[in-house]
Amino acid sequence: MKKTSILCPQCGRTSYNPNDIEQRYCGHCHEFHEEMFSTWDPEKLLNATGMEIQTMADDHVTVKMDINIVDLLAAVGAMQLACRHPGYTGPSKLTVQRLISQLAMELKDYPALVELIRRGGIKDYDLTDREYQAFHLVRSSGPGAEQDGG
Ligand SMILES: [Zn+2]
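Residues numbered from 1 in each chain as written. Predicted model: local features only at pLDDT ≥ 70, side-chain atom pairs only at ≥ 80, totals over all residues.

Right, let's get into the packing of helix α4 (residues 69-83) against helix α5 (residues 91-106). Viewed as axis vectors pointing N to C, α4 and α5 meet at an angle of 145°, and their least axial separation amounts to 10 Å. Pair α4 / α5 crosses with left-handed handedness. When α4 is examined against α5, the residues V76, M79, Q80 and C83 are found in contact with a partner set consisting of K93, V96, Q97, I100 and L103. Looking at the contact of α4 with α5 residue by residue, the classes come out as six nonpolar, two polar and one charged. (Axes fitted to C-alpha atoms, helices over the stretch in contact; angles between N-to-C directions. Helix = DSSP H or I, 4+ residues; strand = E, 2+ residues; numbered from the N terminus. Left-handed = near helix turned anticlockwise from the far one by under 90°. Contact = placed C-beta atoms within 7 Å. Nonpolar A, V, L, I, M, F, W, Y, C, P; charged D, E, K, R; others polar.)

This is the structure:
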């Protein structure tokens, strides 16, 4: 569904000009919307963000993207690290943990990877610096180096 109007987040005026809608531009402020935000103070930006998120929630907006598995696992690792921080509590932590669990279910055809993701959420499985270095030494010598042929 194509937008037929655009609301300026700065002055609150509505434009029905297709060019303004396409470019996200305000003819009254003579500014592109994206440029406005860079100079806003944090409170004003948070208020605008809150309104955008509420609008998206009301419209049941979802985000779909294709991401390669290596990049995705890097993001999962970063999320698991954040979840283990003692100061990270509350509902967003539970949401992140739920997302990781759902991802693991999507990857159920790769059980070793699912187990690795599960362990990534448990501090007891952290590697010491020495173990991490040893892991990288083995890896950098190539997969053939680990095989003894027998
Ligand atoms: Zn404006």
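That covers the picture; the talk isn't over yet.
An ideal rise of 1.5 Å per residue puts 24 Å on 17 residues; helix α3 (residues 42-58) measures up with 24 Å between its terminal C-alpha atoms. Directly beyond the C-terminal end of α3, a positive phi value near 55° is found at H60. (Expected span 1.5 Å × (residues − 1).)

In terms of domains, the chain is made up of domain 1 (6-58) and domain 2 (69-143). The C-alpha-based centres of domain 1 and domain 2 are spaced at 38 Å. (Domains from an automatic or database assignment.)

To continue, consider unusual backbone geometry. In this structure, H30 is a non-glycine residue whose phi angle is positive, near 55°. You can see H30 is positioned in the loop between β3 (25-26) and β4 (31-32). The phi dihedral of H60 is positive, around 55°, even though this residue is not glycine. Mapped onto the secondary structure, H60 falls in the loop between α3 and α4.

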